[in-house]
Every structure is written in structure tokens, then in C-alpha cells.
Amino acid sequence: MPKITYITPRDGARHVVEFTPGDDIMTTAVNNDIPGIEGECGGEMNCGTCHVWVGEGERDKFGEVDWDEEAMLDILDDRRPESRLGCQLKLDSQLDGITVTVATEEA
């Protein structure tokens, strides 16, 4: 099974979990109890509780930010150039080993 690493800045922990290709970063985090990822809206881009930072070398592995995601990201206090909503980032086996940082867990 392919794996993804979630970094939680508050404690510096690295959470390495397996993912099912076709799931998204938010669903995988929620299913594995990753701290700081809530997914309160269930992936409807209405809450921002799946906000992650995707490293520069890995950002191009996902599509461009669309208008709806951009609008949601704009209201987040901790938005950065590498900000994405985990619910919009589909995982496939080619992303095995990817690392994201949980933005909502920042100390």
C-alpha cells in the first residue's frame, strides 16, 4: 500500500499512514486520526478544517487551485503559497511517499 506522511508542527511528529488510491488527503487523515485535520464539512470546501501545506517539490503533482478552493483558502488566517485543502487533493499510487504539513496544528 502507498503511504503519506503528515507532519504536525505543534509537536513535530511525523505520522506515516497507508492510503487507498482514489481517496483524498483529508479522508485519509480523518480515517487515521491525524491531529488537526477535522474535515467538518465532509469535503464540500465550506470549513477549511483540512488545510495543509504542500511542499514546493510536491505541489505540481496536484492540479491547480480552482476558484472555489481559492475562495475558501482566502479566508484562512494561516494561508501560505503552499496552502491547499486536503479534500481537494486526490491521492494515487504515484504519490507514494508524499509529505504534507497540517496547517491547523501550527504551534
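Residues numbered from 1 in each chain as written. Predicted model: local features only at pLDDT ≥ 70, side-chain atom pairs only at ≥ 80, totals over all residues. Heavy atoms only, no water.

1. Description of the nonpolar core
Note that soluble globular proteins tend to have their nonpolar side chains buried in a common cluster.
Piece 1. Ile4, Tyr6, Ile25, Ile37 and Leu85 are the most contacted members of the largest nonpolar core, which totals 25 residues.
Piece 2. Listing elements by their share of this core, those giving two or more residues are β1 (3-8), α1 (25-31), β3 (51-54), α3 (67-74) and β5 (98-102).
Piece 3. Apart from residues no more than four positions distant in its own chain, tyrosine 6 is found in contact with Ala13, Arg14, His15, Val17, Ile25, Thr28, Ala29, Ile34, Val100 and Val102. (Core = buried A, V, L, I, M, F, W, Y, C linked by side-chain atoms within 4.5 Å. Buried < 20%, exposed > 50% of the residue type's maximum accessible area, 1.4 Å probe, protein only. Helix = DSSP H or I, 4+ residues; strand = E, 2+ residues; numbered from the N terminus. Contact = heavy atoms within 4.5 Å.)

2. Observations concerning α3
The α-helix advances 3.6 residues per turn, and as a result positions three or four apart in sequence lie on the same side.
Piece 1. Residues of α3 that are buried: Glu69, Met72 and Leu73. Projection of α3 onto a plane perpendicular to its axis shows the buried side chains occupying an angular sector of 100°, all on one side. Those residues of α3 that are exposed and angled more than 90 degrees off the buried face are Trp67 and Asp74.
Piece 2. Buried-residue contacts for α3 involve β3 and β4 (83-85).
Piece 3. Its side-chain oxygen 3.2 Å from the backbone nitrogen of aspartate 68, aspartate 66 forms the N-cap of α3. (Arc of directions from axis to C-beta. Polar contact = N/O pair within 3.5 Å; in protein donor to acceptor, adjacent residues only side chain to side chain.)

3. Digging into the pairing of β3
Piece 1. In β3, alternate side chains face the same way, and those of His51 and Trp53 on one face and Val52 and Val54 on the other are all buried.
Piece 2. Bridge count for β3 against β4 is three bridges, and the pairing is antiparallel. Directly across from tryptophan 53, in β4, lies its bridge partner serine 83.
Piece 3. Sheet analysis places β3 next to β5, joined by three bridges and oriented antiparallel. The residue of β5 that forms the bridge with valine 54 is valine 100. (Pairing = 2+ DSSP bridges.)

4. Here's the deal with the sheet that holds β4
Piece 1. Spatially, the five strands line up as an open sheet ordered β2-β1-β5-β3-β4, and their pairing is mixed. On the outer flanks of this sheet lie β2 (13-18) and β4, each paired with one strand and no other. Neighbour-to-neighbour, the strand axes of this sheet turn through a mean angle of 35°, independent of strand direction.
Piece 2. Across the sheet, α3 lies against β3 and β4, angled at about 115° from β4, the strand it touches most. (Axes fitted to C-alpha atoms, helices over the stretch in contact; angles between N-to-C directions.)

5. With respect to the packing of aromatic side chains
Piece 1. Enumeration according to the criterion identifies zero aromatic pairs in this entry.
Piece 2. Residue placement shows arginine 80 over the ring face of tryptophan 53; its charged tip is 3.6 Å from the ring centre. (Phe/Tyr/Trp six-rings, centres within 6.5 Å; stacked < 30°, edge-to-face > 60°. Lys NZ or Arg CZ within 6 Å of the ring centre and 35° of its normal.)

6. A look at the environment of alanine 71
Piece 1. Along the polypeptide, alanine 71 turns up in helix α3.
Piece 2. Once the C-alpha coordinates of alanine 71 and valine 54 are considered, the two residues, 17 residues apart in sequence, prove to be 18 Å apart.

Function-wise, these values are silent; they only describe arrangement.
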